[in-house]
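For reference, the chains in residue letters:
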Amino acid sequence: MDVASGGKAASASYSITCTECGHEAPQNFKAPLCNRCGGLLTIEISLEGAGAKGWRTGQPGVWRYRPLLPVARETEPVSLGEGGTPLLKSQRLQEKFGIKNLYVKYEGTNPTGSFKDRGMTVGVTRALELKERVVACASTGNTSASLAAYAARAGLRAVVLIPSGGVGKGKLTQAAAAGAHIIEVEGAFDDAIKLLLDSAGGSGVYVLNSVNPFRIEGQKTVAFEVCEQLGRAPDNFVLPVGNAGNISAAWKGFSELEKLGVIDSAPRMIGVQASGASPIAEAVSKGSQSIGEVRNPQTVASAIRIGKPVSWKKALQAISESKGTAVAVEDEEIIRAQGLLSTLEGIFVEPASAAPVAALRRLLETKAIDRDELTVCVATGHGLKDPESPICEVRAKRMGADAASLKKALDEITSRPSGPSSN
Ligand SMILES: Cc1ncc(COP(=O)(O)O)c(C=O)c1O
Ligand SMILES: [Zn+2]
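Residues numbered from 1 in each chain as written. Chains lettered and ligands numbered in written order. Predicted model: local features only at pLDDT ≥ 70, side-chain atom pairs only at ≥ 80, totals over all residues.

Bringing the nonpolar core into the picture now. Counting residues in hydrophobic clusters, the biggest one holds 121 residues, and the most contacted among them are V135, L147, A148, V160, A250, I280 and A355. Top element by residues in this core is helix 12 (residues 351–365). It accounts for 8 residues. When neighbours within four sequence positions are excluded, L147 is seen to be in contact with M120, V135, C137, A158, V160 and L208. (Core = buried A, V, L, I, M, F, W, Y, C linked by C-beta atoms within 7 Å. Buried ≥ 20, exposed ≤ 12 C-beta atoms within 10 Å, placed from the backbone. Helix = DSSP H or I, 4+ residues; strand = E, 2+ residues; numbered from the N terminus. Contact = placed C-beta atoms within 7 Å.)

So, in structure tokens, the structure goes:
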């Protein structure tokens, strides 16, 4: 078996089952939700073949973990080189927050600039296995950018439904450049995804939102990578939560490694939402087993401007099983954290991706995390995605093209106390 090279032979056997009624869907199942009860689907990977040694291959990125991914042996993945993102020890942020062991997992370095590529490489590969021609998603922006790129790479047509207004310019530019059909729905993201899920059956399109369990399988690889990079599991894994697919995906990854005996224990999963769109954080703070819908969600972090997360049940399960939590942060805190990531560490992220760092102070104060613990904040998307964020304002100083003017400008700069530059 070609395990060491990550070649085609290394693939997992799996079943597609409903998380609500337990019904097992046929292997060629195409619908986004259970056709018996409308519940969320999940993929149960057979871990037997992998074992504590055979779960990874010699190649970098998402497909390194092919032995734990649901693809047929003969399948050639649709790849743009996703995964393999840096895990950055963040000394200066540590000092800022008084933490000893803080890392940022910089998912903005994925091919289209967000973690969505991890899921999309597996999802679009699955679309080809099913001989689909048209793939579709509803999106706050990053999913559409990713879907458009992977569909182009696979020779498929992409349809993206976006909410009216508020989608980061960079993200829409990416979808347009890759030739996606862009449909603006008169409403919010929650309206767009409901519309797509309700009309998916018989529409001839393959839905690649994160309800698609193949997307989740790709996204779980962030957990594998972090454990490999650290040589252990973190104590806390903090990530922004919108539709709640990613927190469930990462939890699935850590759980699989724990079952395989690769890690001794899994981290606490800590979800962060914006206070204007925080149904999961509200449910956790009330100790409730279900969420209330937030109508007309509002936040500067457009990627997580979601009032009714489709995967809320999986997220609450991940949080309770891992003994984690969920918190909400204010927009001003998000923007401040976005600035800190950029100016203290050189890690440029879009607003939603700064939410975990924005939550650190509160998590320490409430003792949800401890200063000595190893905490990983996931920076889910690149800063260029959303150039309208306040921190992206360019304040250039104008001067004449002569040596005296330059000297004067440089004298002013060099006489300042050291620290990050700001005009
Ligand atoms: C940059 C960014 N961060 C976080 C999220 C939230 O991920 P999820 O919807 O899986 O909870 C998204 C989703 O669009 C995103 O684009
Ligand atoms: Zn079901």
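To continue, consider the site of ligand 1. Every one of the 19 residues lining ligand 1 counts as a neighbour, but G242, N243, A303, T380 and G381 are closest to it. Going through the elements one at a time, helix 3 (142–154), helix 8 (245–260) and helix 12 are the ones with two or more residues in the shell around ligand 1. The residue makeup of the shell around ligand 1, split by class, is 6 nonpolar, 12 polar and 1 charged. (Near = placed C-beta within 6 Å. Nonpolar A, V, L, I, M, F, W, Y, C, P; charged D, E, K, R; others polar.)

Taking 1.5 Å of rise per residue, 12 residues should cover 16 Å, and helix 13 (residues 403–414) covers 16 Å from first to last C-alpha, within 8% of that figure. Among the 12 residues that make up helix 13, 0 are buried, leaving the element largely open to the surroundings. (Expected span 1.5 Å × (residues − 1).)

Time to look at the environment of L128. Of note, L128 is situated in helix 2 (residues 116–129). Along the chain, L128 and G155 lie 27 residues apart, while their C-alpha atoms are 9.5 Å from each other. In this structure L128 touches V78 and A154, once residues within four positions along its chain are discounted.

A few words now on helix 9 (residues 279–286). Within an α-helix, residues lying three or four positions from one another point in the same direction, as the helix has 3.6 residues per turn. Residues of helix 9 that are buried include every one of P279, I280, A281 and V284, and no others. In this fold, the buried residues of helix 9 make contact with strand 11 (268–274), helix 10 (312–321) and strand 12 (325–329). Of the residues trailing helix 9, G287 is marked for its positive phi of about 70 degrees.

Strands sit in the order 8-7-6-9 across an open sheet of 4 strands; the sheet is parallel. Looking along the sheet, the strands with just one partner apiece sit at the ends: strand 8 (181–185) and strand 9 (206–207). Bridge count between strand 7 (residues 157–163) and strand 8: 5 bridges; the pairing is parallel. Along strand 8, the bridge assignment pairs V160 with I182. (Pairing = 2+ DSSP bridges.)

Any functional reading would require information beyond the geometric quantities listed.
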